[in-house]
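# Commentary on secondary and tertiary structure
Listed below are the residues making up each chain.
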Amino acid sequence: MNSIKISDYEVVVGLEVHIQLNTNSKAFARDLNRFGDNPNTNISAITLAHPGTLPKANKAHIEKALLLAIATQSQINPTHQFDRKNYFYPDLPKGYQITQDRYPICEGGHITFESEGRIKKVRLHHIHMEEDAGKSSHDLSDRVSMLDYNRAGTPLVEMVTEPDLRSPQEVHDFMAYMQKLVRYLGISDGNMEEGSMRCDCNVSIRPKGSTIYGERCEIKNVNSKKFAKQAVAYEFKRQYKMVSKGVVFSKQTLNFNPETGVTTPLRSKEDAHDYRYFPDPDLPPILLAPEYIQTLRESMPMLPEQYVEHLTSKYGLNEYNSKELTREKAFADFFLRLAQKEHDYELLAKVIVNKILPEVKDSGKSIEKQVVSDERLLEFIGLIKSKKVAPSVANQILFPAMLDQSNVNLLELAGRLNLLKSEDQGFLGDILDDILKNHPEELEKYRKGNKALIGFFMGQAMKAAKGKADPKLLKTELVKKLND
Amino acid sequence: MENQSLKEIQLQLSRGKISVLEIVANYLKKIESTKDLNIYVNVFKDEAIEKAKALDQKYKDTPEQMGRLFGMVISIKDVICYKDHPVTAASKMLSGFESMYSSTAVERLLKEDAIIIGTTNCDEFAMGSSNEHSYYGPTKNADAPEYIPGGSSGGAAVSVQAGTCSIALGSDTGGSVRQPASFCNVIGMKPTYGRISRHGLIAYASSFDQIGLIGTVTEDMALVLEVISGSDEYDSTVSRNPVPGFYQNIDIDQKMKVGVLNSFFEHSRMNAEIKIKSKAVLESLQEAGHELVPLDFKSIDYLVPCYYVLTTAEASSNLSRYDGVKYGHRAQNITDLESLYKRSRTEGFGMEVKRRIMLGTFVLSSGYYDAYFEKAQKIRKIVKDEIDGLFSKVDVIALPTSMDYPWRIGDENQDPVSVYLSDVFTVIANLCGIPALSYPLGYGSENMSSGIQLMSNSFEEHHLFNLSALLQNMA
């Protein structure tokens, strides 16, 4: 009687998200914390663990970890402590990693995000601080392994969630939200492809409705949202196949290969490490003054959801535009910067959302690198507001032209394209006289009471004016002549 | 020139009766003539001469700009880093290694115009009490070359004992400065944990290690401590307490309550003669107006086990960095990563170091952590509480520095536990982080020396200097 189906099962996922923090210097040394430099350039005696060197905690590391703690409503431990995690690997200079085991900086808390149209809440187990290892490259040469210690000592926080995620898509959306969150907090660039954010996925499956967790496998070091989704989906199927065949499997550490889409074992239980954690005697416990934490709370940057609220309440934007503008912090910042100069917030938001954002998306340019300069965009909006160019014309013709010909003065460009509404609306009279003369039957019907024909005359007039007429003025003039 | 204080030397320098070059030349001559004692790992001969000439010139040109240690010649233990100079922790593991930076202590010595004459032999990675566990062979006691000088700062103690420098910097994790000082008839002092930055001190056990001083003149030691102490941005465990004027505040008339730890003097393995000589010193202190207060100490049997569990645990982790990957000894003809680690470390470390790494790894392993490491941490707290209680009654606590006189080189008991147990009198100061000073008791019937140990509460080194200066005065 083997009638179970995969749809009878659910996948249960908990994540360990590693976030590299964008501090100036490393976690326990003064070396620059910078991605992309030549190998082994940011390495002092301390980073290389030369004899006699000692670690020194970095205040910015603690501060950025605290911002994340506050943002996730995690309980900050008044005293936290660094521990040593002992293991040998060539990219680990000291033979131990400084991390937090017993007394992490904060415990509990949660992340709330949107996935598949629903609001999802994931509880956090804790967040701890640690340092990254260096980078080993085994494929640059077939004779030797290469070591780059630039990354060694990079400040990290590791966020450990409860097993609250229930689908590959949720895993994807959680990571997407995390990326957004760290950028809003300004604590990391969140670039997964550069390794600024990585996650380990703890995956188990169980029959739907069950409250017992199954045996879990851990997929290590996943460096993209897409891969995380794929890896979890693959692992769901793999575990389901085993469970449905009655195969009992034990806890495993896995690697996900994005090229094959398959997870493979990294190491099994037999060679599991005994990390011999113990408090690092070189780093005394850190006591956080309540006043210090209070100051941080008060100076917290706005979170994505607070930003939406801010844009709707303070700037009167509709929810759609607010959400679009907060999709990335850079968008919202761009709006706020321009809003200091342009007070027609709705129009500003409309132009950014409808014109700039699609351009950013299409061109792949970041909004800061500028699709268009602030001044030019404000001038563009100015032309619409002053009614020199009709909005539809501005959006459809002038905007793309403005991007193409970025060195031509905007007004001149509009003039050259013959888009400017005539300053002198006297020509309207002539146009209207012509139209009335050429359509005597319609005029007769209108005057006899068929007032709907005004639409017909407006259409004819607009066509004749080639977009240069102010519609309001045109209508006033038209009504005047029709009723003569 | 022996036993001359820096003050006297500087007076002679100012009167032109002697030059720094002559001082250095004398010491170098002494180093040459005591080569058999195996005191130094490296002597910075040419450099010391050049530096001496430069200082003599500087004194001619700008006498008002001389540093406070002008005229002082110092040796440093081979675990203290000095930029572009070899430092090996007396280990094959670091044979040929040169430090790319200077320890904070060395930086501060140099800034005050001291001359560093060389690095002294010691037990490998400062692990040992006899100086026999050195890659370079044992250092010999200058009073009786067939005897050990004590350890681990044995070379440091003999460098002063044999008159090859005026002050030696050692390191003291469980008595490594005080015990050899007592065996070599010189003064040895371990300041409060956190008084001197450990930046550039090769770690044995981080929460115990402290740079210590060996000398013959209390005032000079006080001055050097004053120079090298104080907060340091490279070490998070160093104290931010202001450094008192140890040197100018020495006051031999300060009357103190001196606690006498009877449970230590009455120890079953205590040498009778050392006990008598110690008691005599205490009586002389009483005659000088100090009050003796008999004290008891309950935790005595826990001291050594607690010390060895915690120090080996820290050491096992501290020495992980010596893996043959980045620097130091790397085994030849390795086949894979595991063989690189195993063979480099097997070849690079000596027996005693390996023993302690294994002990420490064991007490931290899963399943044993609670039974050993955590329990030892709790005991450390109990010991500290008991000592704090005693300091609410007295200013200084007196006890022997060691149970016995130095033994013959090679005679060391084959049972390491028995050797470990002999550290019982000195580890207490490191377990509690308090300062302690060993003052020489002079020669005994076998022409061997020993010492009496004085401990004060944390950051109260001045009590120890006051008593040391008084004893020096009475001698």
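On to the overall build of chain B, then. Helix and strand content of chain B: 16 helices and eleven strands. Seen through its principal axes, chain B has C-alpha atoms that stretch 65 × 55 × 45 Å. Expressed as a percentage of its 475 residues, the buried residues of chain B come to 62%. Taking the contacts inside chain B whose residues are at least 6 apart along the sequence as the reference set, 75% of them involve residues at least 24 apart.

Once that is clear, we can look at the overall build of chain A. Assigned secondary structure in chain A consists of 15 helices and 17 strands. Rg of the C-alpha trace for chain A: 31 Å, well past the compact-globule value of 23 Å for 484 residues, more than 25% over. Projected onto its principal axes, the C-alpha positions of chain A cover 95 × 65 × 50 Å. Each of the 484 residues in chain A was classed as buried or not, and the buried ones make up 49%. A fraction of 68% describes how many contacts in chain A between residues 6 or more apart in sequence connect residues 24 or more apart. As presented, chain A carries roughly 23,800 Å² of accessible surface, and 50% of it is formed by carbon and sulfur atoms. Of note, chain A has its 67 positive side-chain charges centred 3 Å away from the centre of its 66 negative side-chain charges.

This brings us to the pattern of salt bridges. Oppositely charged side chains are able to pair whenever their charged atoms sit close together. Counting across every chain of the model gives 39 salt bridges over all chains. Its salt-bridge partner being A:R327, residue A:E324 comes within 3.0 Å of it at the nearest N-O pair. Residue B:K53 pairs with B:E50 through a salt bridge whose shortest N-O separation is 3.7 Å. In this pair, B:K53 and B:E50 both sit in helix α3 (residues 45-61), three residues apart, roughly one turn of the helix. Note on B:K53: relative accessible area 42%, which makes it partly exposed.

With that settled, consider the packing of helix α10 (residues 303-318) of chain B against helix α12 (residues 351-364) of chain B. All names here are of chain B. α12 packs onto α10 with a crossing angle of 100° between their chain directions and a minimal axis gap of 7 Å. Relative to α12, the element α10 is oriented roughly perpendicular. Touching Y308, V309, T312, A313 and S316 of α10 are R356, I357, L359, G360, T361, V363 and L364, all from α12. Residues that form the contact of α10 with α12 fall into these classes: seven nonpolar, four polar and one charged.

What follows covers empty space enclosed by the protein. To find the voids left in a structure, one rolls a probe of water-molecule size over its atoms. Under the criterion given, the structure shown has three cavities of 30 Å³ or more. Looking at the largest cavity, it is lined by 18 residues, and the ones nearest its centre are A:F28, A:I46, A:T47, A:K94 and A:E131. Grouping the constituent residues of the lining of the largest cavity by class yields ten nonpolar, three polar and five charged. Approximately 100 Å³ is the volume found for the second largest cavity. The wall of the second largest cavity is formed by 15 residues, among which B:G128, B:G174, B:S176, B:Y307 and B:D423 lie closest to the centre. When its residues are assigned to classes, the lining of the second largest cavity shows four nonpolar, nine polar and two charged.

Right, let's get into the domain arrangement of chain A. By a widely used convention, the size of an interface equals the accessible area lost when the partners come together. Per the domain assignment, the segments of chain A are domain 1 (7-292), domain 2 (301-416) and domain 3 (425-482). If you average the C-alpha positions of domain 1 of chain A and of domain 3 of chain A, the two centres end up 69 Å apart.

A separate point is the layout of surface pockets. All names here are of chain A. Its boundaries defined by the atoms lining it, the second largest pocket holds a volume of some 1,500 Å³. Considering the residues around the second largest pocket, the lining is formed by 43 residues, among which A176, K180, T326, R327 and E328 are closest to the centre. Mapped onto the lining of the second largest pocket, the elements with two or more residues apiece are β7 (110-115), α2 (168-185), α3 (225-244), α5 (304-315), α6 (319-325), α7 (329-339) and α8 (345-363). Considering every element that reaches the lining of the second largest pocket, the biggest residue donor is α2, with eight residues. Of the residues contributing to the lining of the second largest pocket, the split by class is 16 nonpolar, eight polar and 19 charged. Built from parts of two domains, the lining of the second largest pocket gets at least three residues from each of domain 1 (7-292) and domain 2 (301-416).

Sheets are built from strands paired through backbone hydrogen bonds, the pairs being either parallel or antiparallel. All names here are of chain B. Pairing is mixed across the open sheet formed by eleven strands, whose spatial order is β1-β3-β2-β4-β6-β5-β10-β11-β9-β7-β8. Edge positions in the sheet fall to β1 (40-43) and β8 (291-295), since each of these pairs with one other strand and no more. Strand-to-strand twist in this sheet, taken as the mean axis angle between neighbours without regard to direction, amounts to 25°. Looking at chain direction, strand β9 (residues 396-400) and strand β11 (residues 449-456) are connected through five bridges and run antiparallel. Residue pairing in the sheet places A398 in a bridge with L454 of β11. Strands β1, β2 (73-77) and β3 (115-120) of the sheet are contacted by helix α2 (residues 20-33), whose axis makes an angle of about 15° with β3. The sheet contacts of helix α7 (residues 218-228) involve β2, β4 (167-171), β5 (187-190) and β6 (211-215), and relative to β6 the element is tilted by about 155°.

With that settled, the discussion passes to the pairing of strand β13 (residues 217-222) of chain A. Residues and elements named next belong to chain A. Pairing of strand β12 (residues 197-207) with β13, which is carried by four bridges, proceeds in the antiparallel orientation. The residue bridging N202 from the neighbouring strand is E218, located in β13. By the bridge criterion, four bridges tie β13 to strand β14 (residues 252-257) in an arrangement that is parallel. Pairing of K220 across the sheet is with N255, part of β14. Each parallel crossover has a hand, and for β13 linked through α3 to β14 it is left-handed.

On to a nonpolar patch on the surface, then. Residues and elements named next belong to chain A. A surface patch of nonpolar side chains, amounting to about 270 Å² of accessible area, comprises L140, V144 and M146. Along the chain, V144 falls in the loop between β9 (135-137) and β10 (146-148). Judged by its relative accessible area of 33%, V144 is partly exposed.

Rules and cut-offs
Residues numbered from 1 in each chain as written. Chains lettered and ligands numbered in written order. Predicted model: local features only at pLDDT ≥ 70, side-chain atom pairs only at ≥ 80, totals over all residues. Heavy atoms only, no water. Helix = DSSP H or I, 4+ residues; strand = E, 2+ residues; numbered from the N terminus. Buried < 20%, exposed > 50% of the residue type's maximum accessible area, 1.4 Å probe, protein only. Contact = heavy atoms within 4.5 Å. Rg over C-alpha atoms; globule rule 2.2 N^0.38 Å. Areas by Shrake-Rupley, 256 points an atom, 1.4 Å probe, with all protein chains shown as cover. Lys, Arg positive; Asp, Glu negative; His and termini not counted. Charge placed at Lys NZ, Arg CZ, Asp CG, Glu CD. Salt bridge = Lys/Arg side-chain N within 4 Å of Asp/Glu carboxyl O. Axes fitted to C-alpha atoms, helices over the stretch in contact; angles between N-to-C directions. Parallel < 35°, antiparallel > 145°, perpendicular 65-115°, else oblique. Nonpolar A, V, L, I, M, F, W, Y, C, P; charged D, E, K, R; others polar. 1 Å grid on protein atoms, 1.4 Å probe; cavity = no way out; pocket = protein on both sides within 12 Å on 5 of 7 lines; lining within 4 Å. Points joined across faces, edges and corners; volume = space filled by probe spheres on them. Domains from an automatic or database assignment. Pairing = 2+ DSSP bridges. Right-handed = clockwise from strand over helix to strand, strands pointing away. Patch = residues over 30% accessible without salt bridge, like charges linked within 9 Å, V, L, I, M, F, W, Y side chains within 5 Å.

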